Amino acid sequence: MALAEGSLQNERLSGARIFSYDLFLTEPYFKDYLSTEDGDVTGSLLPEFLELVQPYADRVAPCAGDLLSLRWRRNPIAVLFVDIAKSWELMSHVFKNFFPCLEVGALVVHQDYVWHAEWWIHVYMSWLHEYFEPVEYAFGATCVFRYTKKIPDELFEVDPATWGQDRWLVAMRENIPRHPEFTHKCFKMGIAEMLASSGSKQEALDVVAEIEAIPLIEAPAWHNFEQTPHYNLQPQKERFEAL
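Here goes a summary of the coordinates provided. This is a predicted model, so every value here is computed, not measured. (Residues numbered from 1 in each chain as written. Predicted model: local features only at pLDDT ≥ 70, side-chain atom pairs only at ≥ 80, totals over all residues. Heavy atoms only, no water.)

So, the environment of Phe-145
Inference 1: By secondary structure assignment, the location of Phe-145 is in strand E6 (residues 142–147).
Inference 2: Separated by 39 residues in the primary sequence, Phe-145 and Ala-106 place their C-alpha atoms 8.3 Å from one another.
Inference 3: Residues contacting Phe-145, with those up to four places away along its chain left out, are Ala-106, Leu-107, Val-108, His-110, Tyr-113, Met-125, Phe-132, Glu-133, Pro-134, Val-135 and His-179. (Helix = DSSP H or I, 4+ residues; strand = E, 2+ residues; numbered from the N terminus. Contact = heavy atoms within 4.5 Å.)

Quick notes on the nonpolar core
Inference 1: By size, the foremost hydrophobic cluster in this structure holds 60 residues, and its most contacted members are Leu-80, Phe-95, Phe-99, Leu-102, Leu-128, Phe-132 and Ile-151.
Inference 2: Here this core gets eight residues from one element, more than from any other, and that element is helix H6 (residues 184–197).
Inference 3: Leu-128 has contacts with Phe-95, Phe-99, Ile-151 and Leu-155, leaving out every residue within four places of it along the chain.
Inference 4: Counting residues in each nonpolar core, the second largest holds seven residues, with Ala-4, Phe-24, Val-53 and Tyr-56 among its members. (Core = buried A, V, L, I, M, F, W, Y, C linked by side-chain atoms within 4.5 Å. Buried < 20%, exposed > 50% of the residue type's maximum accessible area, 1.4 Å probe, protein only.)

A word on the sheet that holds E6
Inference 1: In space, the four strands of this open sheet follow the order E3-E4-E6-E5, with mixed pairing throughout. The open sheet has two free edges, formed respectively by strand E3 (77–82) and strand E5 (132–138), since each of these has just one partner strand. If you compare each strand with its neighbour and ignore which way they point, the axes differ by 20° on average.
Inference 2: Pairing of E3 with strand E4 (residues 102–110) involves five bridges; the strand directions are parallel. Across the sheet, residue Val-82 finds its bridge partner in E4, namely His-110. (Pairing = 2+ DSSP bridges. Axes fitted to C-alpha atoms, helices over the stretch in contact; angles between N-to-C directions.)

Let's talk about the packing of helix H5 (residues 165–175) against H6
Inference 1: Contact geometry of H5 with H6 gives a least axis separation of 10 Å together with a crossing angle of 175°. The angle between the axes of H5 and H6 places the two elements in the roughly antiparallel class. In contact with Gln-165, Trp-168, Leu-169, Met-172, Arg-173 and Asn-175 of H5, H6 contributes Phe-187, Gly-190, Ile-191, Met-194 and Leu-195.
Inference 2: A class-by-class count of the residues in the contact of H5 with H6 yields seven nonpolar, three polar and one charged. (Parallel < 35°, antiparallel > 145°, perpendicular 65-115°, else oblique. Nonpolar A, V, L, I, M, F, W, Y, C, P; charged D, E, K, R; others polar.)

Structural notes on the pattern of salt bridges
Inference 1: Enumeration according to the criterion identifies seven salt bridges in this entry.
Inference 2: Note that Asp-112 and Lys-86 form a salt bridge whose closest N and O atoms lie 2.5 Å from each other. Of this pair, Asp-112 sits in the loop between E4 and helix H4 (119–127) while Lys-86 is found in the loop between E3 and helix H3 (88–97), placing the two residues 26 residues apart along the sequence.
Inference 3: Glu-133 is the salt-bridge partner of Arg-146, the closest N and O atoms lying 3.3 Å from each other. Residue Arg-146 is located in strand E6, and its partner Glu-133 is located in strand E5; the two are separated by 13 residues in the primary sequence. (Salt bridge = Lys/Arg side-chain N within 4 Å of Asp/Glu carboxyl O.)

The structure is reproduced here in structure tokens:
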């Protein structure tokens with residue numbers, strides 16, 4: 001809705017269309033957000049989506065289905081909002097299908113960037129750092145990047161998922177100082193997640209201990225990612241210790 005309204009108010013985006021990719025299916029946890037008379041929240045969300053975007057129906061096009069089975073039609077992209085990179089496979093699909101069509105100057109909005117669970121996004125954007133610059137952060141895990149120059153075609157043949165722990169670790173550590181201090185603990189927790197998922201339990205616990213030892217810093221309320229890792233330290237430690 002916000003993107004559609006913003007595009008209406010931006011003369012440079014007059015005539016632009018927004019393509020929204022989603023399964024448009026409910027999940028069991030949706031019961032916390034949706035309510036129905038019979039309590040059943042399974043099924044399609046597409047009718048509700050269409051109702052919500054009705055004021056922008058001529059501008060918003062839903063693309064329902066599994067993203068891995070869908071392809072972009074290769075038109076130039078001015079804004080790419082990514083809230084689907086929940087696995088290596090999905091991040092790779094987004095990279096290989098959508099990033100080649102970014103216009104220089106385009107914005108890439110990574111919803112899950114300043115968050116530890118989707119650490120492969122940190123690997124990708126660290127690897128691609130010379131083609132993007134971070135321009136804004138929004139509380140809740142989002143980072144906005146500006147695309148500054150074209151990615152060479154040969155890079156789209158590379159699969160960072162195959163690199164392994166050592167190279168992932170280098171990319172992730174190099175990524176941290178490129179961002180403001182108030183994001184650093186989240187990125188460090190991402191390193192702990194990566195190490196734990198790679199079987200390096202003690203190294204992951206050592207990173208958690210490193211995070212625990214860092215005092216909180218002052219940050220603007222709308223940028224206060226500082227608190228986020230602290231909510232998760234104890235459960236993360238317990239999960240890592242159980243490996």
